[in-house]
Amino acid sequence: MKDLNIGMIGYGFMGKAHSNAYSQASHFFPGEYRPVLKALCARNRDKAAGFAENWGYESIETDWRELLKRDDIDAVDICTPNNLHKEIAIAAAEAGKMILCEKPLAMDVAEGEEMCAAVEKAGVRNMVWYNYRRVPAVTLAKQLIDEGRLGKVFHYRANFLQDWTINADVPQGGAATWRLDAEAAGSGVTGDLLAHCIDTALWLNGGIQDVSAMTETFVKERMHAETGQKEAVKIDDACSFLCHFSNGSLGLFESTRYARGHKALYTLEINGEHASIRWDLHDLHRLEYFDHGDDSIVRGWRSIHVSDGDQPYMGNWWVPGLQIGYEHSFIHQVADFLKSLETDAVVSPNFRDALETQKVCDAVLASAAERSWKSI
Ligand SMILES: NC(=O)c1ccc[n+]([C@@H]2O[C@H](COP(=O)([O-])OP(=O)(O)OC[C@H]3O[C@@H](n4cnc5c(N)ncnc54)[C@H](O)[C@@H]3O)[C@@H](O)[C@H]2O)c1
C-alpha cells in the first residue's frame, strides 16, 4: 500500500466526519492507497493536540500556511467555515497539494471560478464533499434513473428542513454560530442546505436552466458573538425556488431553519413517466420506488432496504439486511477518492462540478433579491 498523507484544517463537525472516514476507508475498501492522518491544523494548540490525540493524527499545526509548506503532506482537507475555502484552496493548489474541500465550494461564483482556475492551472486532484451522492440509496436512485426505469422525468422535488434558529436569542457569528453570519457563511440555508439538494439534483436529473426564488429572514437582528452588539442578520433563514431542468422537468425546492420539529429532514422525490422514486435522510438506508409496470393487483410503493451486496457500496459492508448510516457516505467518498488515484479518473464532484451548484445558488439569491426569474 502507498500512503496518502492527509493534512486536515478544522476539527469541528466535518473534521470528525472526515477523520472517521480516513480511519475506516482502507479497512472496508482496500486498494493501492491508504490515508495517513499526518497533520491536524487548528488555531488553538491545546484543542488541536487533544483532537489529534483522540483521532491519531501524527502532528499538529496552528497556521494553515505552515501546513501547506510541509513536504510530507500530499492532500489538504478544508473543513473550515465557507469564507476560508477560497484562500486556503488557492494556496494549496499553488503548493501542489491535492485538495478535498468542504461544500459549498465558495462564498459565490466569482470565488469559485478563481478556485477552479487555480486547481486546473496546478493540475492537482480536487473534490468537494457533497457526500449525499454516496448514500447507497441515493447512488441506487442514480443507477435506476440511468437505466431508464423512470422514463421521461416530469417533476423533481427536494426539501431540507431544520428548526434550530427559531429562538431570536441565538447569536450570529463566532465559533458555534458562524452559519448565521453572512461574512463567514456567504448565505444562509441556500449555501448550507439547498446546495446539497442542488448538487444531488444536478447529478440525478441534469442541468438547471432558470430559477424563480423567494427568501426570508425571519429574525432581522441578532447579537453578534464576537462584537457583543446587535447586528442586522444578512443571511436567508428560509428559501424556496422553482426551476426548469434542461430535460424539461419542473423543480421545486424548499429549505428553512424554521420548520419546528424538523432537525435535518432532507427528502427528494422524482416522478417519471414509468416510475417514481423517493428518499428521506431520516430513513437513509431505504429507497421508495413505484413502478407503473408492475402487475396492477400488486402495484404500489415498495420500500427497498438498501443493504444487499448487489447494491451500491454494500458489498463492502456487512451481510444483507444489516444497514449502514450517515458517516458511511464520507467513507465512500474517501474510498472513491483513493480509487481515483489508482485509475487516474476524475473524481466527482470536483471543483468544476461544485461550481455548477454555486451558479444555481447565486441565481437563486439574485432571483429572490430582484423578484424575477434568473437564467443560469
Ligand atoms: N458535507 C456536509 O454534509 C457538511 C456538513 C456540515 C458542514 N459542512 C461544511 O463544512 C465546513 C465546516 O463546517 P463544520 O460544521 O464542520 O463547522 P465547525 O464550526 O464545526 O468547524 C469549523 C472548524 O474550522 C476551524 N477554523 C476556523 N477558522 C480557522 C482557521 N483560520 N484555521 C484553522 N481552522 C479554522 C474551527 O476552529 C473549527 O474547528 C463548512 O464549509 C460547512 O458548510 C458540510
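Remember, it's a predicted structure, so these values are computed and weren't measured experimentally.

Calculation rules
- Residues numbered from 1 in each chain as written.
- Predicted model: local features only at pLDDT ≥ 70, side-chain atom pairs only at ≥ 80, totals over all residues.
- Core = buried A, V, L, I, M, F, W, Y, C linked by C-beta atoms within 7 Å.
- Buried ≥ 20, exposed ≤ 12 C-beta atoms within 10 Å, placed from the backbone.
- Helix = DSSP H or I, 4+ residues; strand = E, 2+ residues; numbered from the N terminus.
- Domains from an automatic or database assignment.
- Contact = placed C-beta atoms within 7 Å.
- Pairing = 2+ DSSP bridges.
- Axes fitted to C-alpha atoms, helices over the stretch in contact; angles between N-to-C directions.
- Near = placed C-beta within 6 Å.
- Nonpolar A, V, L, I, M, F, W, Y, C, P; charged D, E, K, R; others polar.

1. A short note on the nonpolar core
Formed by 104 residues in total, the largest nonpolar core has its most connected members in Leu40, Ile99, Leu194 and Val364. Element by element, the count of residues in this core is highest for helix H8 (residues 189-205), at ten residues. Two domains share this core, each providing at least three of its residues, namely domain 1 (2-131) and domain 2 (132-375). Residue contacts for valine 364: discarding those within four places in its chain leaves Thr190, Leu194, Val211, Ala213, Cys239 and Phe241.

2. What to know about the sheet that holds strand E12 (residues 250-256)
The strand order across the open sheet built from nine strands is E16-E15-E14-E13-E7-E12-E11-E8-E17, with neighbouring strands paired in mixed fashion. Both outer strands of the open sheet, strand E16 (302-305) and strand E17 (374-375), are each paired with one neighbouring strand and no more. When strand E14 (residues 275-280) meets strand E15 (residues 286-291), the two strands line up antiparallel, connected through four bridges. Looking at E15, one finds that isoleucine 277 is bridged to tyrosine 289. Against the sheet, H8 engages strand E7 (153-161), strand E8 (208-216), strand E11 (238-245), E12 and strand E13 (265-272), with an angle of about 155 degrees to E7. Across the sheet, helix H10 (residues 351-370) is in contact with E8, E11 and E17; its angle to E8 comes to roughly 50 degrees.

3. Re the site of the ligand
Around the ligand sit 21 residues in total, of which Gly10, Gly12, Phe13, Met14 and Glu102 are the nearest. Per-element accounting of the shell around the ligand gives the leading share, three residues, to helix H1 (residues 13-28). Considering only residue class, the shell around the ligand consists of eleven nonpolar, six polar and four charged.

4. Topic: the pairing of E13
Regular strands have side chains that alternate between both faces of the sheet. Burial along E13 is one-sided: Tyr266, Leu268, Ile270 and Gly272 are buried, and none of Leu265, Thr267, Glu269 and Asn271, which face the opposite way, are. Inspection of the sheet shows E7 paired to E13 by eight bridges, in the antiparallel sense. When the sheet's bridge partners are listed, asparagine 159 is paired in E13 with threonine 267. Bridge analysis of E13 against E14 gives five bridges, and the strand direction is antiparallel. Residue threonine 267 lies in a different strand from E14, and its bridge partner there is aspartate 280. What sits between the antiparallel neighbours E13 and E14 is a turn of two residues.

5. Quick look at the sheet that holds strand E4 (residues 75-78)
With parallel pairing, the six strands of this open sheet are ordered in space as E3-E2-E1-E4-E5-E6. The sheet is open, and its two edges are formed by strand E3 (59-61) and strand E6 (126-128), each paired on a single side. For this sheet, the mean angle separating the axes of adjacent strands, direction not counted, is 25 degrees. In the sheet, strand E1 (residues 2-9) pairs with strand E2 (residues 33-41) via eight bridges, with the strands oriented parallel. Residue pairing for E2: leucine 4 is matched across the bridge by proline 35. Most of the contacts of helix H4 (residues 85-94) go to strand E5 (residues 98-101), to which it runs at about 165 degrees, and overall it touches E1, E4 and E5.

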